[in-house]
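Listed below are the residues making up each chain.
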Amino acid sequence: MLAWGRWRWVRRQLPAAVLTVLQTLQSHGYSAYLVGGAPRDLLLGRRPQDWDLTTDARPEQVKAVFAQTIPLGEKFGTVRVVIGDDQLEVTTFRREGDYSDRRHPDWVEFTPSIRDDLARRDFTINALALDPLRQQLVDPYGGVRDLQRRLVKAVGDPRQRFTEDPLRMLRFYRFQSTLGFRGETYTEQGIEAEAITQVSGERIRDELTKILMAAVPEIGLAGLARCGLLTAMMPEFIPVQAADPTLFRHLVATVKAIKPEARLRWAAFLHDLGKATTKKVENGQTHYYGHDKVSAELAAGILERLRFATEFRQRVLTLVRWHMFPADPGMTDAALRRLVVKVGPDQIFDLLELRRADLVGTGGSYYQACDSLTRFARRIQALLEGETVFTRKDLAVNGREVMEILELPPGPEVGAILAEVFHWVTEDPERNRKARIYDFLKEKRQKN
Ligand code: ATP
Ligand code: MG
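Along each chain, numbering runs from 1 in the same order as the chain's sequence is written. Note on labels: chains are lettered from A, ligands numbered from 1, in written order. Where local features are concerned, this predicted model is filtered to residues with pLDDT of at least 70; where side-chain atom pairs are given and counted, the filter is 80 or more; whole-chain, interface and lining totals use all residues. To obtain the side-chain values, all non-hydrogen atoms of the structure were used and water was disregarded.

Structural notes on the site of ligand 1
Then, in step 1: We call a residue near a molecule or strand as soon as one heavy atom of that residue lies within 4 Å of the molecule or strand. As a structural note, the neighbourhood of ligand 1 is formed by 15 residues, with Arg40, Asp165, Arg168, Arg171 and Arg174 the closest of them.
Then, in step 2: Think of a polar contact as two N or O atoms within 3.5 Å of one another; within protein, one of them needs to be a possible hydrogen donor and the other a possible acceptor, and neighboring residues in sequence only count if both atoms come from side chains. Between asparagine 126 and ligand 1, the recorded distance is 3.1 Å, taken from a backbone N or O atom to an oxygen atom.
Then, in step 3: The cavity where ligand 1 resides is the largest pocket.
Then, in step 4: Helix numbers and strand numbers start at the N terminus; a helix is a DSSP run of H or I with at least 4 residues, a strand a run of E with at least 2. Broken down by secondary-structure element, the contributors of at least two residues to the shell around ligand 1 are helix 3 (37-43) and helix 8 (167-179). Cavity means a closed set of points on a 1 Å grid over the protein atoms alone, one where a 1.4 Å probe fits but cannot get out, pocket means an open set with protein on both sides within 12 Å along at least 5 of 7 lines, and lining means a residue has an atom within 4 Å of a point. To decide whether a molecule occupies a pocket or cavity, check its atoms: if more than half lie within 2 Å of the grid points, it is inside.

Quick look at the nonpolar core
Then, in step 1: Grouped together as the largest cluster of nonpolar side chains are 100 residues, with contacts concentrated most on Leu224, Leu229, Phe237, Trp266 and Phe269.
Then, in step 2: If sequence neighbours within four positions are ignored, leucine 224 has contacts with Leu170, Tyr173, Leu208, Ile211, Leu229, Leu230 and Met233.
Then, in step 3: Take the buried residues of types Ala, Val, Leu, Ile, Met, Phe, Trp, Tyr and Cys, join any two whose side-chain atoms come within 4.5 Å, and each joined set is a nonpolar core. Each residue gets one of three labels from its accessible area relative to the maximum for its type: buried under 20%, exposed over 50%, partly exposed in between, using a 1.4 Å probe on protein chains only. With 16 residues, the next largest nonpolar core counts Leu395, Ile405, Leu406 and Trp424 among its residues. In this analysis, two residues are considered to be in contact whenever any of their non-hydrogen atoms come within 4.5 Å of each other.

Points about the sheet that holds strand 3 (residues 69-73)
Then, in step 1: Read from one edge of the open sheet, seven strands run 3-4-5-2-1-8-9, paired in mixed fashion. Strands at the two margins of the open sheet, each flanked by one partner only, are strand 3 and strand 9 (136-138). Adjacent strand axes in the sheet meet at a mean angle of 30°, parallel and antiparallel pairs treated alike.
Then, in step 2: When DSSP finds two or more bridges between two strands, those strands count as paired. Pairing geometry for strand 1 (residues 32-35) and strand 8 (residues 129-131), over two bridges, is antiparallel. Note on strand 8: the bridge partner recorded for valine 35 is alanine 129.
Then, in step 3: Running over the sheet, helix 2 (residues 16-27) touches strand 1, strand 2 (52-55), strand 4 (78-83), strand 5 (86-92) and strand 8 and is turned about 40° from strand 5. Note on geometry: axes are C-alpha line fits, over the in-contact stretch for helices, and angles between N-to-C directions span 0 to 180 degrees.

So, the pattern of salt bridges
Then, in step 1: Definition used for salt bridges: Asp or Glu carboxyl oxygen within 4 Å of a side-chain nitrogen of Lys or Arg. Counted under the stated rule, the structure contains 35 salt bridges.
Then, in step 2: A salt bridge links arginine 174 to glutamate 207, with the shortest nitrogen-to-oxygen separation between them at 2.9 Å. On the criterion of sequence distance, the pair formed by arginine 174 in helix 8 and glutamate 207 in helix 10 (residues 201-213) is long-range, its members being 33 residues apart. Residues arginine 174 and glutamate 207 agree in their burial class; the two are buried.
Then, in step 3: For arginine 205, the salt bridge is made with aspartate 206, and the minimal N-O distance between the two is 3.0 Å.
Then, in step 4: We classify aspartate 206 as partly exposed; its relative accessible area is 40%.

In structure tokens, the structure reads:
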């Protein structure tokens, strides 16, 4: 049980809307609890990210006691309650049948018992219900003890729970990574990696991203590798695991070293994927010629299967593709400009961040990595401030003007000429004036 001081702290964390919903349901004679992540985080002394509420009131009863609601998955018992600018999900206690299609329960049914509802939840630390007003904690599976032991443990028989919904295998490692907990050995033994192929790309994507973004990604990533889930989801990692273990360790170390933004974490995790198949030893020296290109090709397949949005995919792939850029302090301004043009002004600093993490992940000194890259970054900053031509949109002329001067009809040729003009201008940004580009085009017309 919680000490009195803890209850007061818990109560102070509740947003006003959460308090209102709990009070309203209880004043109408229903029970109402916080469930899922909220009790878990509160018992750990953290502020919850979201507030899932559960009640014995049926969806129609929930709708009846609140002024404004949005039906959400009423069949599954969820109603969204609107309180001012806030919306909260209230779900009726429910039990679930078997998962014969491995995706959805065959049936759900409402139950008056909070214990039945907790039985369908994945891990003991997620199977807690907390009533902060009546100061009650419902903990049928030893969730509090496991929070104290810092242990992720399945509710019930692990094998059966993972078979019902194989995504839980990923969630097992996700909670280890986000909380910095251990996974129970018996639970891990219930994992059958191949079953993960029944789960949709989107669901896998979201859990994997949470592992990559977590405070301790290495726990989850090492676990995924150990139990075969990594290669079951992404066969591209088979050669990585067959290669010497330093490669996988380097990928994980780079993930840890890079800023926690999804696109950066994914780029870090995939950036050297191609090293396993491009390794060559010549005269005692190891080379990985073209591994950046191979990595980008392999990464493209993974990101597409996981249904990432096109823009996200392109950003990650650009970083992976060009991560071997030479960060040579003696680089000429023209070479620097070509690099910025190639990766785009909006991605160049991400690329430097990847390089920094790559260096740290190789065992380099953090300060050394920062020092040379900071000087590099300052030069790029100056370049970006001083000049304005980094994409074709920045050109002082547009397609219509090209068509007029060269007397061309609309078509692919116009784009090709714009690309040529762009290339010519990036050699020397002083050229980006209407008059000078017009001269360039007229000269071209005369030549033809
Ligand atoms: P967070 O929101 O901080 O990521 P959470 O524990 O709230 O963590 P959610 O995915 O929001 O995770 O799920 C809320 C609760 O619903 C979980 O705590 C768990 O009790 C239950 N739950 C969610 N997904 C599953 C699942 N696939 N199988 C069983 N129970 C689940
Ligand atoms: Mg949640």
